[in-house]
Every structure is written in C-alpha cells, then in structure tokens.
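Okay, here's what each chain looks like letter by letter:
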Amino acid sequence: MQNTLQNVFNDTMQREGITATAFSSGISFDCFFRRLSDGLNQRSTMTMFYSFGSPIHAGSIVEINGKNYICLNCETVENSVYKKSAVVECNGTISTENANVMNLPFYGAGAESAFPSGNNMISIIDGKAELITEDCSESRQLAINDKFSAWGRTWLIKNIFVVNGIVTLNVEVTADSEIVYEHGITFNDINASGYSIGDTIRLDASATLNGQNTDAPLTYTSSNIEVATVDSNGIISIVGAGSFFVTIVCESYGVSETTTETTVDEEVQEVVTLSVSKMGEAYLGFDSECTATIQKNGETVHDITFTAIVESSFSSKLKVTINQNNGLIKVEVPDSDYSLVGKSFDLVVSVPDYGLTNRQTVKITSFI
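Residues numbered from 1 in each chain as written. Predicted model: local features only at pLDDT ≥ 70, side-chain atom pairs only at ≥ 80, totals over all residues. Heavy atoms only, no water.

(A) Focus on the environment of Thr186. In this fold, Thr186 is placed in strand S13 (residues 183–186). Classification of Thr186 as partly exposed rests on a relative accessible area of 36%. In this structure, the C-alpha to C-alpha distance between Thr186 and Thr12, residues 174 residues apart in sequence, is 49 Å. (Helix = DSSP H or I, 4+ residues; strand = E, 2+ residues; numbered from the N terminus. Buried < 20%, exposed > 50% of the residue type's maximum accessible area, 1.4 Å probe, protein only.)

Below is the structure:
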C-alpha cells in the first residue's frame, strides 16, 4: 500500500512538480498544488503537497516563480510519503522605518481575518488590519511601535502574537504618507595613483538604507577592462597601464556610486648589466685584483649579489675573495709553487638572480 502511495505521489510530482525555496532557510524543495475551494473565505487559497522531510512548517514562507506564499498550517501527518499545507499568496512586505527588517513578506486580510475560519476583525476601513508572517529571525526583529509602509499607507505595530510558527501583527494606520527611505552605497575608495600591474584591490562596498548597511546585491563594472577588471565580489585586478574607475550599482535601491579615477603607469622595465675590469696577469705570491660593476637601469648598485670563481685544473691552489659592498675581487696565487708560472685560469663572475656571467682568462707570471 505504501509503495502504491509513493508511486502515485512520485508520478504526480514528476508530472506537475515545481521547485520552491523556503524563505528563512533558502533550501529548495519540490512540490505541487491543488486549488482549495472550501467556500469559507474570499481569497485564493491552495493546498501545497511536498515530500516528507521538506523544510516546511506552519507559517513557512516559500518563494515560487518570484512570488511568496505563506503556509497557513501543516496538516497532521497521515503517512510517511508526503505532507500538505494550505497556502495563500503574500500581498505585501514589511520594511521598518528603522531598517531592522527589510522586505519581509506577509499576508494581510481586509475585511476578514487573516485565517480562513471566521471574520473576527475590524474592517480595514477603520484603519486597522491583521497581518501574518513567518516566525523567523527577520520577524523576531519586529517590535511594538515599529512603523512600516504597505498598501499605500503607513502602519504602526500595536501588538504581536507568535503561535505555532506564525507571527500575527495587529497594525493601525498612523499617517497618510509613506515612509521615505534614504538609499545609498558605502565603500572604501581607491587612490588616484600608486598601483602597479598585478596589484589587487578589494572594494568593501555595501548598500545602505537609512544609514544602515544591508545585504542588497551589488554589481561592479570597470570603465576600462584593459586596465582593470572587477569581479562580482568587488575584487579589482590591475592588468594594464592607463586610467579606470569602477561603477557600483544597487538595482534594488536604484542607486549607484563611482570610485575615484586612478591611473596606472606603464611598468619601467628593469635592465641589469654586469661589467668586470681586466685583471691582466696574476703574479706569483701576490693578490691580483679586478672590480665587478653591476648597474640597474644605468645606475651602479651594490645590493645585488654576485659570485666569483676560478676554473682550471689547479683551482684548489688559488684563493678567491670578493667584497659585495664595492665589487672588489681578489685572486691570491701561492708564492712557492713555480709550477704555476706560465699557466692560465678562467675568472668567472656571475649575477645568479639575473643570469649574467662575465668570463676572462688570466695568465700567471712571476717577477723573477
């Protein structure tokens, strides 16, 4: 029997199922609907069928195809295959004057109660109404005497009741004009200069409402993608030389801001050269000297490391010392080994970090 029920439910879901998203949790689930015509109320109410274990309870608000619906109940479990709830489309949102709550969907009745059973409230003509919404973190921020705009009027919350997942608000008209909200965008601006190709900059931007940061979505656009690109999180990547600025837009609030225009200079190519003075001849029993000169973009520098070695079959008999501060290179030839006279060695000076090498051949001689 259970398998038969499961099969029927699965077939119906496959044929008529649509995807819904729970408002408070953001979890998506599949469901299908049946029109509810009980003759007890004036609104369009439907029954929503969904799998056992879906994130739904009495009061849950679900979003379907851009519209919000609130569950008026969650019927007693009849089986372990599916559950069902009577739902009604929300007809307003709450954005409080203090911006503590923004765009919270609700259902509010006019001349009848928000619930299907009974018409036990004063008419909306008298400036009072009863609204219902989900018991969630957003609605828990609501407080008595909060003001919000809906249905072209400004409302004052007079009382709040929370029962079985449903928040009921008793509200009353307080003014004929709607609340004016001030929208804006706050962000850390970029500098007019000082950036190099390869740098990244993060725009910590946020949409604001009445001076309070909100989570309204933002989009970012670079004015010159050949100079800088920007991703959906506001991360700017400098990719070339030139000028650019970034436009930040909050479509929900209809506001935008632009950063300061910044200029990225063309990278100066680093040119490093190595030159070594001629040592000439090396004399037996003496230190022979030469100097290594390293230049960066035409200027002599002493902060780039160089090495100096001798290459020959008798290199172990020679001693090489270098001075990184002034580039001085000394080669010491022993004074008692006359077998070295007339032989030659190669002095090899290198700058490893830049792949530079200078090689010269030096002949050993004697004053005697």
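(B) Quick peek at the sheet that holds strand S22 (residues 255–258). The three strands are arranged S17-S21-S22 in an open sheet whose pairing can be described as antiparallel. Of all strands in the sheet, those bounded by a partner on one side alone are strand S17 (219–222) and S22. Put simply, the sheet's adjacent strands are angled 20 degrees from each other on average, direction ignored. Judged from the four bridges that link them, strand S21 (residues 246–250) and S22 form a sheet pairing that is antiparallel. Its bridge partner being in S22, Cys250 is matched across the sheet by Val255. (Pairing = 2+ DSSP bridges. Axes fitted to C-alpha atoms, helices over the stretch in contact; angles between N-to-C directions.)

(C) Looking closely at the confidence of the model for the protein chain. Residue-level pLDDT values for the protein chain average 88, and 90% of them are 70 or greater. Across residues 111–122, confidence stays below pLDDT 50; counting only partners more than four residues off in sequence or on other chains, it has 34 contacts. (pLDDT = per-residue confidence, 0-100. Contact = heavy atoms within 4.5 Å.)

(D) Spatial organisation of unusual backbone geometry. The backbone phi angle of Trp151 is positive, close to 55 degrees, even though this residue is not glycine. Residue placement: Trp151 occurs in the loop between strand S10 (147–150) and strand S11 (153–163). The exposure class of Trp151 is partly exposed, given its relative accessible area of 36%. One non-glycine residue, Asn164, adopts positive backbone phi at about 50 degrees. Along the polypeptide, Asn164 turns up in the loop between S11 and strand S12 (166–175). A relative accessible area of 68% means that Asn164 is categorised as exposed.

(E) Representation of the environment of Asp346 in the model. Counting through the fold element by element, Asp346 comes out in strand S31 (residues 344–351). Along the chain, Asp346 and Cys290 lie 56 residues apart, while their C-alpha atoms are 13 Å from each other. Non-local contacts of Asp346, meaning those with residues more than four positions away in its chain, are made with Ile309, Val310, Glu311, Arg359, Gln360 and Thr361. Looking at Asp346, its side chain comes within polar contact range of the side chain of Arg359, at 3.2 Å. Side chain to side chain, Asp346 and Thr361 meet in a polar contact 2.8 Å long. (Polar contact = N/O pair within 3.5 Å; in protein donor to acceptor, adjacent residues only side chain to side chain.)

(F) Structural context of the sheet that holds strand S25 (residues 281–283). In space, the four strands of this open sheet follow the order S25-S32-S31-S28, with mixed pairing throughout. One side of each edge strand has no neighbouring strand; the edge strands of this open sheet are S25 and strand S28 (307–311). Taking the axes of each pair of neighbouring strands and ignoring which way they run, one obtains an average angle of 30 degrees across the sheet. As paired elements, S28 and S31 share five bridges and run antiparallel to each other.

(G) Up close: the pattern of salt bridges. By the definition in use, this model includes nine salt bridges. Between Lys296 and Glu270 there is a salt bridge, with the nearest N and O atoms lying 3.5 Å from each other. Linking Lys296 in strand S26 (residues 287–296) with Glu270 in the loop between strand S23 (262–264) and strand S24 (272–276), this pair joins segments that are 26 residues apart in sequence. Looking at Lys296, the relative accessible area reads 25%, which means it is partly exposed. Assessed through its relative accessible area of 43%, Glu270 is described here as partly exposed. A salt bridge links Arg359 to Asp346; its shortest N-O distance comes to 3.2 Å. Of the two residues, Arg359 is situated in strand S32 (residues 356–365) and Asp346 in strand S31; the sequence distance between them amounts to 13 residues. Taken together, the shared-partner salt bridges connect Arg15, Glu16 and Arg34 into one network. (Salt bridge = Lys/Arg side-chain N within 4 Å of Asp/Glu carboxyl O.)

(H) Region of the structure containing the packing of aromatic side chains. By the definition in use, this model includes nine aromatic pairs. For the ring pair Phe9 and Phe32, a centre distance of 5.8 Å and an interplane angle of 45 degrees mean the geometry is tilted. Of this pair, Phe9 sits in helix H1 (residues 2–16) while Phe32 is found in strand S2 (residues 28–36), placing the two residues 23 residues apart along the sequence. Across the pair, Phe32 and Phe9 agree in class, each one buried. Between Trp151 and Trp155, the ring centres sit 5.9 Å apart and the planes meet at 90 degrees, which makes this aromatic pair edge-to-face. The ring of Phe52 has Lys83 lying over it, and the distance from NZ or CZ to the ring centre is 5.4 Å. (Phe/Tyr/Trp six-rings, centres within 6.5 Å; stacked < 30°, edge-to-face > 60°. Lys NZ or Arg CZ within 6 Å of the ring centre and 35° of its normal.)

(I) Quick look at the pairing of strand S19 (residues 235–238). Residues Ile236 and Ile238 line the buried face of S19, whereas the alternating positions Ile235 and Ser237 sit on a face that is not buried. In this structure, strand S18 (residues 228–230) lies alongside S19, joined through three bridges in antiparallel fashion. Note on S19: the bridge partner recorded for Thr229 is Ser237.

(J) A look at the pairing of strand S8 (residues 104–109). Buried residues dominate S8, accounting for six of its six residues. Burial along S8 is two-sided: the residues Leu104, Phe106 and Gly108 and Pro105, Tyr107 and Ala109 are all buried. Here strand S7 (residues 92–94) pairs with S8 via three bridges, running antiparallel. Residue Thr93 lies in a different strand from S8, and its bridge partner there is Pro105. Where S8 meets strand S9 (residues 128–134), three bridges bridge the pair, whose relative direction is antiparallel. Directly across from Tyr107, in S9, lies its bridge partner Ile132.

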